[in-house]
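A closer look at the structure
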Amino acid sequence: MIRRILATTAAAITGVAVLASCTGDRQTPGTATPAPSSSAELPNSGAPKVDNPLPAKVLEGSPCDSALTEQQLTDYLGQPGAAKPKDSELGPMCDWASTSGSGAGILIAFETKTGQGLSLTYKVEKPKASRWVDDLAPVQGYPAVGYVDVGASGQRSCVIVVGVADDLAYSVSLVLGSDSGKDACQLGRGVADTVLTNLKARA
């Protein structure tokens, strides 16, 4: 069960360390400055096409308000701290950290500012990722990819990006403790699935 895996992991990082901050050595999904929106046909850069796009309104507002319910956060993190809204060049973000001392954390971003969806992830992140996971099963029929930045643990942290339209995506950054023995990319896909269920309810 993901809750046990996240809530009982040994202290590795506070919040969504490595992936969740815009300062210091920690990184946010899509840390590299996004390329300006272009007129290039989407998808591109090897990204898959989204066959049944969701309306843009599913990614309106802050992930703090719509990505995960309080109960879901408790299920995943055990003792979630207060939501910390952020903003980035990709779009609005929300960061949750476990207060149990486990070091577990989740950060969710609505990638609404670039107009490039999954294509931007393929273009910017794939060339520099220390791990690239493009064989993840689609999330409720929507294409998903996972990646780990250089310097981050290949099993303990992962960013999952799900395309909900050719020009829209959301990402889930997950960090586990050092003794979890689980793959953060696979567990992150499970969190992304829960998020998508909540987003589709807004459609």
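Everything here concerns the structure above.
The structure contained in this document is the topic of the report that follows. (Residues numbered from 1 in each chain as written. Predicted model: local features only at pLDDT ≥ 70, side-chain atom pairs only at ≥ 80, totals over all residues. Heavy atoms only, no water.)

Describing the side chain of Asn 198
Where we set the bar: Helix and strand definitions follow DSSP, with helices as H or I runs of at least four residues and strands as E runs of at least two, each counted in order from the N terminus. Only protein chains enter the accessibility calculation, which uses a 1.4 Å probe. A residue is then buried if its area is under 20% of the maximum for its type, exposed if over 50%, and partly exposed in between. Counting of polar contacts relies on pairs of N or O atoms within 3.5 Å, with two restrictions inside protein: one atom must be capable of donating a hydrogen and the other of accepting it, and residues adjacent in sequence are counted only when both atoms are side-chain atoms. What makes two residues a contact is simply this: any of their non-hydrogen atoms within 4.5 Å.
Inspection of the secondary structure puts Asn 198 in helix H5 (residues 184–200). For Asn 198, a relative accessible area of 17% puts it in the buried group. At 2.8 Å, the side chain of Asn 198 and the backbone oxygen of Ala 67 are in polar contact. Apart from the residues lying within four places of it in its own chain, the contact partners of Asn 198 are Ser 66, Ala 67, Leu 68, Thr 69 and Gln 72.

Describing the environment of Asp 167
Mapped onto the elements of the fold, Asp 167 is located in the loop between strand E6 (157–165) and strand E7 (168–175). Separated by 47 residues in sequence, Asp 167 and Leu 120 have C-alpha atoms that sit 9.2 Å apart. Discounting chain neighbours no more than four positions away, the residues touching Asp 167 are Leu 42, Gly 115, Gln 116 and Gly 117.

A look at H5
The line we're drawing: To estimate how far a helix should extend, the number of its residues minus one is multiplied by 1.5 Å.
Between its terminal C-alpha atoms H5 stretches 24 Å, which fits the 24 Å expected from 17 residues at 1.5 Å a residue. Within H5, 12 of the 17 residues are buried, leaving the element largely enclosed by the surrounding structure. Looking only at H5, the buried set comprises Ala 184, Cys 185, Leu 187, Gly 188, Arg 189, Val 191, Ala 192, Thr 194, Val 195, Leu 196, Asn 198 and Leu 199. If you check the start of H5, you find a side-chain oxygen 2.9 Å away from the backbone N of Cys 185, and it comes from Asp 183.

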